[in-house]
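# A look at the structure
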Amino acid sequence: MEEIVVGIDVGTTKICTLVGRFDGTDVLHILGVGIEPTTGIKKGIIVDLEAASHAIVRSVERAEQSSGIEIASAIVSIAGAHVSSINSRGAVGISGEIVDEYDVINVLEAARSVAIPHNREVIHIVKRGFSIDGQDGINEPIGMHGYKLEVETHIITAGAATVQNLRECVGAAGVEVQQFVLNPLASADAVLTKNERLMGAAVCDIGGGTTDMAIYVDGNVWHTMVLAVGGNHVTSDIAHGLRLPVSQAEEIKLQQGYAIRAEVGAEDYFSVRPFGEDRDVNINKQELAHIIEARVEEIFELALQEIKRSGYDGLLPAGLVLTGGVSALPAIRGLASDVLNMSVRIAEPENISGMVDQLHSPAYSTAVGLLRWALSREDNFVKAKNGRNSRKKEKKGVKLDSAKNLFKRLLP
Ligand SMILES: Nc1ncnc2c1ncn2[C@@H]1O[C@H](COP(=O)(O)OP(=O)(O)OP(=O)(O)O)[C@@H](O)[C@H]1O
Ligand SMILES: [Mg+2]
């Protein structure tokens with residue numbers, strides 16, 4: 001028996017299944033990788049169950065083949081426009097005048113029960129802070145004296161039907177979802193340093209269909225958001241603006257794209273053949289950069305609005321940590337720091353060894369972060385057997401009682 005962790009990042013453009021092992025240091029050893037183009041998912045929402053299942057099954061099978069490990073359960077990423085978050089306060093009387101773990105469960109249950117409609121599923125309950133008898137700022141209330149315990153929470157919920165669809169697609173691969181983890185929280189586990197969390201920082205993962213953000217203050221998650229806009233929108237702007245098929249627009253974006261128009265030489269051209277032309281035409285690179293800049297700037301403006309909404313505009317000294325596939329766009333760092341008026345660094349997964357050739361890219365922060373998430377929370381360890389694939393898989397999921405379930409969703 002080895003302690004193996006498995007993560008499946010179900011992205012809008014690619015599904016990435018990783019099998020990893022923790023060797024007791026900070027280094028994560030990657031044993032298996034399965035990367036497949038996504039089908040049947042748009043902006044984080046499953047639009048074709050069968051197509052989505054196929055892509056997930058293929059990704060899982062590849063990871064099983066490359067690792068030689070049969071995957072029975074995994075931590076799975078979740079994002080999309082159906083995800084939302086609310087802040088909710090709960091209060092209970094302290095039963096024995098000293099706070100115990102049941103008081104904590106009860107107060108969190110109170111915060112949770114106030115606000116959640118039936119068609120939503122709770123993904124995470126983030127504890128922002130406790131107060132006892134009106135005294136704020138308590139991180140760990142257990143063992144303290146008092147009469148009234150209150151908690152301030154940030155509750156992240158997702159559309160129950162969408163969650164169920166995703167669970168089914170993963171189930172089609174014979175894999176039980178151990179836990180869903182919100183995209184930006186997984187990415188943060190891969191790229192945010194402890195000091196950045198403590199100082200105050202935002203992580204922003206711009207993928208193909210979504211832009212996911214989480215704000216950390218005093219070491220804890222303070223605010224999260226998912227925007228249904230990403231690199232695919234940049235591509236479709238280029239396709240419309242230059243009258244090109246989407247596949248060609250994507251290629252040109254990757255090869256010639258630049259985020260700041262003013263920094264592109266006026267004499268730089270590339271040639272393409274737009275719809276309705278019978279020969280190649282030369283396009284000025286500034287024109288391309290202009291299209292890209294407009295959309296990416298808009299994404300950062302939306303991100304800024306969210307930072308303002310969180311109440312932490314100007315109060316994140318460690319700045320923005322930018323990741324996700326789009327962060328590979330040349331000059332994006334400068335554009336982000338102009339719009340957001342804060343320091344920006346581009347980050348990709350670090351401290352990984354083994355089968356990591358493709359993983360050294362900001363596009364894989366969420367996938368690697370899912371493993372780190374599992375590793376840093378002991379009860380999430382997957383017990384996987386060594387051995388080649390077998391068609392029939394046993395489900396080893398344990399049904400947790402509701403209190404334990406609640407704890408599993410809590411962030412430390
Ligand atoms: N060098 C680059 N310049 C511009 N865009 C890039 C570059 N490299 C990748 N991208 C874009 O990044 C996006 C894919 O990013 P990523 O792999 O993080 O998405 P995803 O995880 O599949 O999607 P999501 O997280 O939105 O569900 C695509 O739109 C792709 O065009
Ligand atoms: Mg992603």
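Predicted, not measured: the structure shown is a model, and the values here were computed from it.

Along its sequence, the protein chain is carved into domain 1 (84-158) and domain 2 (193-346). For domain 1 and domain 2, the distance between their C-alpha centroids amounts to 37 Å. Facing the 6 residues of domain 1 at the interface are 5 residues of domain 2. Both faces combined, the contact of domain 1 with domain 2 buries some 510 Å², and carbon together with sulfur accounts for 46% of it. When residues of domain 1 are sorted by the area they lose upon contact with domain 2, Val126, Arg128 and His154 head the list and together hold 70% of the total. Taken together, domain 1 and domain 2 are joined by 0 salt bridges. At the junction of domain 1 with domain 2, the criterion picks out 3 residue pairs in polar contact (both at pLDDT 80 or more).

Across the protein chain, the average pLDDT comes to 89, with 90% of residues at 70 or higher. Low pLDDT, under 50, characterises residues 378-408; the stretch is placed with 73 contacts to residues that sit more than four places away or in other chains.

This part takes up the site of ligand 1. In the neighbourhood of ligand 1, 19 residues make up the surrounding shell, with Thr12, Thr13, Thr210, Glu250 and Lys253 lying closest. One of the backbone N or O atoms of Gly208 is found 3.0 Å from an oxygen atom in ligand 1. In the model, an oxygen atom of ligand 1 is placed 2.8 Å from a nitrogen or oxygen of the Gly325 main chain. Those elements giving two or more residues to the shell around ligand 1 turn out to be helix 6 (231-242) and helix 7 (246-256). For the shell around ligand 1, the leading source of residues is helix 7, giving 3 residues. Within the shell around ligand 1, the residues separate by chemical class into 5 nonpolar, 11 polar and 3 charged.

Here we come to the sheet that holds strand 10 (residues 148-159). Taking strand neighbours across the sheet as the criterion, the 4 strands line up as 7-10-8-9 in an open arrangement whose pairing is antiparallel. Both outer strands of the open sheet, strand 7 (84-93) and strand 9 (135-138), are each paired with one neighbouring strand and no more. Between one strand axis and the next, the sheet turns through 40 degrees on average, direction left out of account. Judged from the 11 bridges that link them, strand 8 (residues 120-132) and strand 10 form a sheet pairing that is antiparallel. Looking across to strand 10, one finds that His124 is bridged to Ile156. Sheet strands in contact with helix 3 (residues 160-171) are strand 8 and strand 10, and its direction is about 65 degrees off that of strand 10.

Here the focus is the nonpolar core. If you look at the biggest cluster of nonpolar residues, it comprises 70 residues, and the most contacted ones within it are Ile8, Leu18, Ile30 and Leu185. The element contributing the most residues to this core is helix 10 (residues 365-376), with 7 residues. Shared between two domains, this core takes at least three residues from each, and those domains are domain 1 (84-158) and domain 2 (193-346). Counting residues in each nonpolar core, the second largest holds 43 residues, with Leu244, Leu320, Val339 and Leu340 among its members.

Enumeration according to the criterion identifies 16 salt bridges in this entry. Salt-bridge contacts for Arg295 lead to Asp237; the nearest nitrogen and oxygen are separated by 2.7 Å. A residue pair is termed long-range when its members are at least 10 positions apart, and Arg295 in helix 8 (residues 285-309) and Asp237 in helix 6 qualify at 58 residues. Between Arg279 and Asp278 there is a salt bridge, with its nearest N and O atoms 4.0 Å apart. When sorted by exposure, Arg279 lands in the same class as Asp278, which is exposed.

Cut-offs used in this document
- Residues numbered from 1 in each chain as written.
- Chains lettered and ligands numbered in written order.
- Predicted model: local features only at pLDDT ≥ 70, side-chain atom pairs only at ≥ 80, totals over all residues.
- Heavy atoms only, no water.
- Domains from an automatic or database assignment.
- Contact = heavy atoms within 4.5 Å.
- Buried area = accessible area lost by both parts, 1.4 Å probe.
- Salt bridge = Lys/Arg side-chain N within 4 Å of Asp/Glu carboxyl O.
- Polar contact = N/O pair within 3.5 Å; in protein donor to acceptor, adjacent residues only side chain to side chain.
- pLDDT = per-residue confidence, 0-100.
- Near = heavy atom within 4 Å.
- Helix = DSSP H or I, 4+ residues; strand = E, 2+ residues; numbered from the N terminus.
- Nonpolar A, V, L, I, M, F, W, Y, C, P; charged D, E, K, R; others polar.
- Pairing = 2+ DSSP bridges.
- Axes fitted to C-alpha atoms, helices over the stretch in contact; angles between N-to-C directions.
- Core = buried A, V, L, I, M, F, W, Y, C linked by side-chain atoms within 4.5 Å.
- Buried < 20%, exposed > 50% of the residue type's maximum accessible area, 1.4 Å probe, protein only.

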